[in-house]
Amino acid sequence: MEEVDVEPTITNIPALRRGKHMGFAWGQGNIFVYETLFKATGATGSGSPFIHEVRKDEDIYSPILRKLFNESHHIFVGLQTIREDLPSKNKKPQFVSISKNYRSVIRACMEELQQVAVSTKNAEMSVQYGNQVSILLAIELIWNLCEVLFIDAAPAGSLLLHLLDWVRLHKADVDEKARDVLQSDSPAEHRDYWDVVVSYVLQGRLDEARQMLGKKATLTPAANNIFKMMDNLLSKMPFYNPGGTQTLTEFDVKWRHWHEEVDRCLQDNSFASNQHLEVLCKILLGDEDTLLEHKDLLGTWYHFLVSRLLFCHPTVKPTELHYYAQSCMTMFLDSRSAPEPLDSILLAAFEFDIHQVIKDCSIALNNWWFVAHLTDLLDHCKLLQSHNLHFGSNLREFLLLEYASGLFTHHSLWQLAVDYFDHCLEFGRVYLELQIERVPLDTERKALKVLRICEQRQMSEQVRSICKIMAMRALRNNRLGSALSWSIRAKDAAFATLISERFLQDYCAKGTFSDLDLIDNLGPAMLLSDRLTFLGKYREFHKLYGEKRFKEAAKLLLSLMTAKIAPRSFWMTLLTDALPLLEQKEVIFSADQTYELMFCLEELTSSLNTPSSDSDKSMQEEDVELTKVELLRLALSRNLAMAIVKEGTVET
């Protein structure tokens with residue numbers, strides 16, 4: 001799309017004093033502004049205690065409009081599943097159905113907003129809801145017209161019928177007037193009686209107009225003949241039936257005969273005695289001056305257009321619409337005032353300029369929802385294939401990316417945006433990778449949601465980042481089990497080693513392990529780092545010991561030391577754990593195993609006696625260490641003697 005050559009909208013920031021400087025900080029989808037004390041030296045400071053948030057898209061924070069975003073998301077995802085290889089004639093009914101679904105969601109939100117606007121006692125909120133209703137009305141009006149012209153692509157004959165339905169749907173005030181008239185004591189004498197009759201005729205609702213005229217005829221028997229004549233003209237007006245056997249040419253001939261009959265009635269002054277019926281006759285002839293005299297009933301130039309086509313050009317072709325639309329808008333609107341944005345958008349639609357419709361809507365509307373979903377649907381209809389942008393992406397993808405990026409600023413709607421990025425094949429993944437990193441991980445549940453999304457899409461870098469963040473947060477809160485779980489998911493060996501150290505330190509301090517379920521079920525994950533392997537195996541040793549499987553426990557304990565898996569700082573703890581096994585009545589450690597334990601003890605004591613290791617220890621701690629060493633030597637010597645005797649006895 002081209003650069004928009006319009007002035008940006010001005011947003012007034014309350015409480016900023018005149019002559020003061022304003023500071024700002026960019027956020028995701030918003031900007032923070034504040035008053036500053038700016039000095040010539042360049043120093044700044046806060047000049048006001050208030051910080052104001054200016055949001056890019058306020059609509060996503062409306063609870064009612066959030067329903068629009070949620071419901072349309074389901075429709076969007078369903079649209080993406082339609083197979084590309086299906087013939088166009090098979091897909092067209094599906095596309096029309098999807099378009100109607102989008103419009104039904106818009107209407108449902110609009111009706112709910114209208115109810116809330118009426119019921120709320122807050123005047124400011126009532127105005128805000130009213131503005132949102134006006135925007136949705138315009139959106140539904142434009143979408144419906146695009147559905148008729150582009151998606152359904154009705155041919156001549158059917159086109160006018162669709163346009164009549166379009167006008168009737170969006171000009172419903174006549175029904176309210178009709179109810180008031182019919183509920184009165186004397187409908188034919190009601191002040192709005194003739195307005196209702198004329199409005200029915202202007203909308204092509206001739207059966208309802210005839211019923212209303214019948215009420216007047218019964219009150220004026222003297223004029224019964226001319227009312228019958230008008231009723232006859234109205235009943236004979238032909239309407240094209242797309243499903244019938246009549247061809248468009250046959251219909252055109254029949255319509256022209258009827259039109260000539262109406263013209264004869266007017267020329268014969270058949271309705272001269274009744275001004276209202278004469279006006280109706282002129283309308284049936286499509287007299288422009290008479291139609292324009294009823295601007296108040298038509299309301300809009302596009303209603304004028306459809307009424308003019310109904311009574312002058314019922315077989316209008318799609319390619320001819322732009323000529324009639326332009327002339328009707330020129331005749332209907334005040335030449336001294338410029339058309340409203342809605343008028344320009346509808347005119348562009350009648351001119352079949354899809355890209356201009358999208359461009360004007362992007363400028364006029366306050367969010368990307370409408371243009372993103374409409375463009376996506378039109379793209380599936382193969383109506384935008386020729387239009388690519390200069391900066392890489394096609395128009396559909398550009399608008400979907402902008403819309404989805406806006407959703408990512410919301411605390412819950414960001415989940416919908418993921419599907420939109422998934423269906424943007426060129427840049428969707430890049431955008432998702434950038435946006436997913438900005439989602440605040442407020443809770444572990446939310447972090448798991450984000451993680452699942454990343455894992456499903458093989459976004460390994462983001463998976464590691466999330467897991468590291470959550471692991472660090474858990475570690476700061478001293479939740480070692482959670483921290484270890486996150487570091488394992490991140491496959492971060494260094495962090496898993498750090499947390500394993502913390503587990504071992506806690507064990508040394510308290511004598512028990514926390515989060516036993518996690519450690520007991522590490523499985524292959526324990527191979528992530530040597531320290532984690534040791535933690536898992538050391539816990540396994542305790543389980544074997546608890547189950548009185550002493551020989552297996554002894555073998556595992558020895559292997560942890562001889563294989564150098566255990567950190568040197570933990571050797572004394574392991575040797576101390578061996579003491580109960582050495583004191584058993586039954587010989588647990590063999591002579592060879594006992595020699596290996598002795599070797600480990602001597603290696604440990606030699607390192608303990610170095611000055612560097614002694615410098616940080618108190619005298620009391622040193623005495624405890626020496627006592628442990630003496631006890632271990634005694635126990636090992638006794639066990640060695642028993643093992644040699646036992647093994648010698650077995651050999652003989």
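As annotated in an unreviewed UniProt entry, the protein carries the name Nuclear pore complex protein Nup85 and is attributed to Oryzias sinensis. What the UniProt record of the protein gives under Subcellular location (unreviewed entry) is the line "Nucleus, Nuclear pore complex". Check the Function (unreviewed entry) section of the UniProt entry for the protein; it says "Functions as a component of the nuclear pore complex (NPC)."

*Asks:* Describe the overall build of the protein, naming the residues involved and giving the relevant values.
*Replies:* Tallying secondary structure elements over the protein gives 31 helices and 3 strands in all. Across the 652 residues of the protein, 45% fall into the buried class. At a minimum sequence separation of 6, the contacts of the protein that also span at least 24 residues come to 63%.

*Asks:* Quick rundown of the packing of aromatic side chains? Include the residues and the values.
*Replies:* According to the stated counting rule, one finds 21 aromatic pairs in the structure shown. Seen from their ring centres, Trp 143 and Phe 370 are 5.7 Å apart, and the 65 degrees between their planes marks the pair as edge-to-face. Pair noted here: Trp 143 is in helix α3 (residues 123–151) and Phe 370 is in helix α17 (residues 369–380), with a separation of 227 residues, a long-range link. Under the relative-accessibility criterion, Phe 370 is labelled buried at 1%. Three or more aromatic residues joined by ring pairs make a cluster, and in this case those are Phe 69, Phe 76, Tyr 403 and Tyr 420. Residue placement shows Lys 295 over the ring face of Phe 332; its charged tip is 5.2 Å from the ring centre.

*Asks:* How would you explain the environment of His 322 if you had to name every residue and give the values?
*Replies:* Here His 322 shows up in helix α14 (residues 321–332). For His 322, a relative accessible area of 40% corresponds to the partly exposed category. On a C-alpha basis, the gap between His 322 and Phe 352 in space is 7.8 Å, while along the polypeptide they are 30 residues apart. Setting aside residues up to four positions removed in sequence, His 322 forms contacts with Phe 350 and Glu 351. From its side chain, His 322 meets the backbone oxygen of Thr 319 in a polar contact 3.4 Å long.

*Asks:* If you had to explain the nonpolar core to someone new, which residues and values would you point to?
*Replies:* Membership of the largest hydrophobic core comes to 194 residues, with the highest contact counts inside it found for Leu 163, Trp 166, Leu 213, Trp 301, Phe 350, Trp 369 and Phe 370. Sort the elements by how many residues they give to this core and α3 lands first, with 13 residues. Sequence-distant contacts of Phe 350, that is, excluding residues within four places in its chain, are made with Leu 145, Leu 149, Leu 163, Trp 166, Trp 301, Tyr 302, Leu 305, Leu 321, His 322 and Ala 325.

*Asks:* Let's hear about the pattern of salt bridges: which residues, and what values?
*Replies:* By the definition in use, this model includes 26 salt bridges. Lys 177 is the partner of Asp 195 in a salt bridge, and the nearest nitrogen-oxygen pair spans 3.9 Å. Of this pair, Asp 195 sits in helix α6 (residues 193–202) while Lys 177 sits in helix α5 (residues 173–182), and the two are 18 residues apart along the sequence. On the basis of relative accessibility, which here comes to 26%, the residue Lys 177 falls in the partly exposed class. Its salt-bridge partner being Glu 208, residue Arg 205 comes within 2.9 Å of it at the nearest N-O pair. The network of salt bridges with common partners includes Lys 100, Arg 103, Arg 107, Glu 140 and Glu 147.

*Asks:* How would you sum up the packing of helix α7 (residues 206–219) against helix α8 (residues 224–236)? Please name residues and give values.
*Replies:* Two elements in contact, α7 and α8, have axes separated by 10 Å at closest approach and are oriented at 175 degrees. Here α7 is positioned roughly antiparallel relative to α8, judged by the angle of their axes. Facing α7, whose interface residues are Leu 206, Arg 210, Leu 213, Lys 216 and Ala 217, α8 presents Asn 224, Phe 227, Met 230, Asp 231, Leu 234 and Ser 235. In terms of residue class, the contact of α7 with α8 is built from 6 nonpolar, 2 polar and 3 charged.

*Asks:* I'd like a rundown of the side chain of His 380, residues and numbers included.
*Replies:* Mapped onto the elements of the fold, His 380 is located in helix α17. A polar contact is formed between the side chain of His 380 and the backbone oxygen of Asp 376, at a distance of 2.9 Å. The residues contacting His 380, other than those within four sequence positions of it, are Leu 79, Gln 80, Glu 84, Phe 95 and Arg 396.

*Asks:* Got a sec to walk through helix α4 (residues 158–170)? Specific residues and values, please.
*Replies:* Taking 1.5 Å of rise per residue, the 13 residues of α4 would be expected to cover 18 Å, and the 19 Å separating its terminal C-alpha atoms lies within 8% of that figure. Turning to α4, its buried residues are Ser 158, Leu 159, Leu 160, Leu 163, Leu 164, Trp 166 and Val 167. Among the structural elements, α3, α13 (301–312), α14 and α15 (341–350) are those in contact with the buried residues of α4.

*Asks:* Give me the lowdown on the side chain of Ser 487, citing residues and values where you can.
*Replies:* Within the secondary structure, Ser 487 is located in helix α23 (residues 480–490). A residue is classified by how much of its surface remains accessible, and Ser 487, at 2% relative accessible area, is buried. Separated by 2.8 Å, the side chain of Ser 487 and the backbone oxygen of Leu 484 make a polar contact.

*Asks:* Could you give me a rundown of the packing of α3 against α15, with the residues and numbers involved?
*Replies:* At a closest axis distance of 10 Å, the pairing of α3 and α15 adopts a crossing angle of 10 degrees. Judged on the interaxial angle alone, α15 and α3 are roughly parallel. Taken together, the residues of α15 that come into contact with α3 (itself represented by Ala 138, Leu 141, Ile 142, Leu 145, Leu 149 and Phe 150) are Leu 342, Ile 345, Leu 346, Ala 349 and Phe 350. Taken together, the residues of the contact of α3 with α15 sort by class into 11 nonpolar, no polar and no charged.

*Asks:* Which residues make up the state of the cysteines, and what are the values?
*Replies:* When the sulfur atoms of two cysteines share a covalent bond, that bond is a disulfide. This model, assessed by the stated rule, comprises 0 disulfides. Of all cysteine sulfurs in the structure, the one in Cys 265 sits closest to Cys 281, which takes part in no disulfide; the separation is 5.9 Å. On the basis of relative accessibility, which here comes to 0%, the residue Cys 281 falls in the buried class.

*Asks:* Give me the lowdown on unusual backbone geometry, citing residues and values where you can.
*Replies:* Notably, Lys 382 is not glycine yet its phi reads approximately 65 degrees, a positive angle. Looking at the element boundaries, Lys 382 is found in the loop between α17 and α18 (395–407). Its identity is not glycine, yet Lys 548 carries a phi of approximately 60 degrees, on the positive side. For Lys 548, the location among the structural elements is in the loop between α26 (530–546) and α27 (550–562). For Lys 548, a relative accessible area of 63% translates into the label exposed.

*Asks:* Describe α27, naming the residues involved and giving the relevant values.
*Replies:* With 13 residues, α27 ought to run about 18 Å at 1.5 Å a step, and its terminal C-alpha atoms sit 18 Å apart, in line with that. Those residues of α27 lying buried are Phe 550, Ala 553, Ala 554, Leu 556, Leu 557, Leu 558, Leu 560 and Met 561. Within two residues after α27, Lys 564 carries a phi angle of roughly 60 degrees, on the positive side.

*Asks:* Go over the environment of Ser 72, please, and point to the residues and values.
*Replies:* Locating Ser 72 in the fold gives a position in helix α1 (residues 63–80). Linking Ser 72 and His 373, residues 301 residues apart in sequence, is a C-alpha distance of 8.3 Å. What Ser 72 contacts, discounting residues up to four positions off in sequence, is Tyr 102, Trp 369, His 373 and Tyr 420. Within the structure, the side chain of Ser 72 is placed 2.7 Å from the backbone oxygen of Leu 68, a separation counted as a polar contact.

So, how was this worked out
- Residues numbered from 1 in each chain as written.
- Predicted model: local features only at pLDDT ≥ 70, side-chain atom pairs only at ≥ 80, totals over all residues.
- Heavy atoms only, no water.
- UniProt positions renumbered as here; feature names shortened; annotations may be inferred.
- Helix = DSSP H or I, 4+ residues; strand = E, 2+ residues; numbered from the N terminus.
- Buried < 20%, exposed > 50% of the residue type's maximum accessible area, 1.4 Å probe, protein only.
- Contact = heavy atoms within 4.5 Å.
- Phe/Tyr/Trp six-rings, centres within 6.5 Å; stacked < 30°, edge-to-face > 60°.
- Lys NZ or Arg CZ within 6 Å of the ring centre and 35° of its normal.
- Polar contact = N/O pair within 3.5 Å; in protein donor to acceptor, adjacent residues only side chain to side chain.
- Core = buried A, V, L, I, M, F, W, Y, C linked by side-chain atoms within 4.5 Å.
- Salt bridge = Lys/Arg side-chain N within 4 Å of Asp/Glu carboxyl O.
- Axes fitted to C-alpha atoms, helices over the stretch in contact; angles between N-to-C directions.
- Parallel < 35°, antiparallel > 145°, perpendicular 65-115°, else oblique.
- Nonpolar A, V, L, I, M, F, W, Y, C, P; charged D, E, K, R; others polar.
- Expected span 1.5 Å × (residues − 1).
- Disulfide = S-S within 2.5 Å.

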